[in-house]
Amino acid sequence: MHWLSILGIGLAANLDNLGIGVSFGARSTRVPFFSNLIISVLSMVAAYMSTTLGSIFSHYIPSNLANWSGGALIMIIGLWTIKSDLKISPQVHENCVNEITSLLRSPNKADRDGNGILSWKESFTLGIALALNCVAGGFGAGVTGVSPLLASISIGVFSLITIDIGVRAGQQIARTWLGKWSNRLGGILLVCIGLYEILA
């Protein structure tokens, strides 16, 4: 059982959540547990579906090729994440008309009524945006043979933890390299997971 990959996928898929939690905390926006839970469940559903699809796909190709191709896909996603983070300036993201991208870069837009609390209704939009982050990585993990159930549970648990930690730490983490480099760190972690799956 790919325990390192399961934990790594869960963490890598949610480093964005840490940055988003920091953004909320720095602006004194509260994320109640139920709203956080909704975001977590949406990520789990997306991860389970994509990992299951990858797992089904792996049955039609040799196991060695499945590990190699799944690991390569995870590495490509990681490299693409790093490249996107280096290439696109914050101003470009800020002016992006795509609502999902806008939410990921400016998560406080999810608090539509501006009352400083992310309600359970408002958390749906943000949750869908974050869930989409799990799809490609989940598919790659499924191809390598990672359990869809365990991978989705890992992603859900890390989602709850990272948002909560981010909100609580807020302004302190926002001033550190961790808050600013979360996308790059997530990409690097995915590359490492991909290498592990290819070489293991």
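Scroll up to find the structure this text is about.
Here the structure is a predicted model, which means the values were calculated and not measured.

A. Layout of helix α7 (residues 120–143). The terminal C-alpha atoms of α7 lie 34 Å apart, and with 24 residues this matches the ideal 34 Å at 1.5 Å per residue to within 8%. At Ala136, α7 is bent by approximately 30°, the largest bend along its length.

B. The arrangement of a nonpolar patch on the surface in detail. Side chains of Val41, Val45, Tyr48, Met49, Leu149, Ile153, Val157, Ile161 and Ile165 sit close together on the surface and give an oily, nonpolar patch of about 790 Å² of accessible area. Going through the elements one at a time, α3 (33–58) and α8 (148–169) are the ones with two or more residues in the nonpolar patch. With five residues, the top contributor of residues to the nonpolar patch is α8. Relative to the assigned elements, Val45 resides in helix α3.

C. The nonpolar core, seen in detail. Core analysis: the largest hydrophobic core is formed by 14 residues, its most contacted members being Ile9, Ile74, Cys134, Val146, Ile155, Leu190 and Ile193. Every element with two or more residues in this core is listed here: α1 (3–12), α4 (63–87), α7, α8 and α11 (182–199). Among the elements that take part in this core, α1 stands out by supplying three residues, more than any other. Core analysis: the next-biggest nonpolar cluster, separate from the first, contains eight residues, Phe24, Val31, Leu126 and Leu130 among them.

D. Examining the packing of α3 against α7 more closely. Contact geometry for α3 and α7: axes closest at 7 Å, N-to-C directions at 25°. One way to sum up the angle between α3 and α7 is to call them roughly parallel. The crossing of α3 and α7 is right-handed.

E. Molecular detail of the pattern of salt bridges. One pass over the full model with this rule turns up one salt bridge. In this structure, Arg168 and Asp164 form a salt bridge, with 2.8 Å as the shortest nitrogen-oxygen distance. On the criterion of helical spacing, the pair formed by Arg168 and Asp164 is a turn pair, its members being four residues apart in helix α8.

F. Local environment of the packing of α1 against α8. Closest axis-to-axis distance for the α1/α8 pair is 7 Å, and the angle between their directions is 40°. Considered as vectors, α1 and α8 are oriented oblique to each other. Viewed along their axes, α1 and α8 form a crossing whose handedness is right-handed. Contacts between α1 and α8 involve Trp3, Ile6, Leu7, Ile9, Gly10 and Leu11 from the former and Leu150, Ala151, Ser154, Ile155 and Phe158 from the latter.

G. Structural detail: the environment of Leu160. Take Leu160: it is sitting in helix α8. Through-space distance from the C-alpha of Leu160 to that of Ser40 is 5.9 Å; in sequence the pair is 120 residues apart. With residues up to four places along the chain from it excluded, the contact list for Leu160 reads Phe33, Asn36, Leu37 and Ser40.

Cut-offs used in this document
- Residues numbered from 1 in each chain as written.
- Predicted model: local features only at pLDDT ≥ 70, side-chain atom pairs only at ≥ 80, totals over all residues.
- Heavy atoms only, no water.
- Helix = DSSP H or I, 4+ residues; strand = E, 2+ residues; numbered from the N terminus.
- Expected span 1.5 Å × (residues − 1).
- Bend = angle between axes of the 7 residues up to and from the residue.
- Patch = residues over 30% accessible without salt bridge, like charges linked within 9 Å, V, L, I, M, F, W, Y side chains within 5 Å.
- Areas by Shrake-Rupley, 256 points an atom, 1.4 Å probe, with all protein chains shown as cover.
- Salt bridge = Lys/Arg side-chain N within 4 Å of Asp/Glu carboxyl O.
- Core = buried A, V, L, I, M, F, W, Y, C linked by side-chain atoms within 4.5 Å.
- Buried < 20%, exposed > 50% of the residue type's maximum accessible area, 1.4 Å probe, protein only.
- Axes fitted to C-alpha atoms, helices over the stretch in contact; angles between N-to-C directions.
- Parallel < 35°, antiparallel > 145°, perpendicular 65-115°, else oblique.
- Left-handed = near helix turned anticlockwise from the far one by under 90°.
- Contact = heavy atoms within 4.5 Å.

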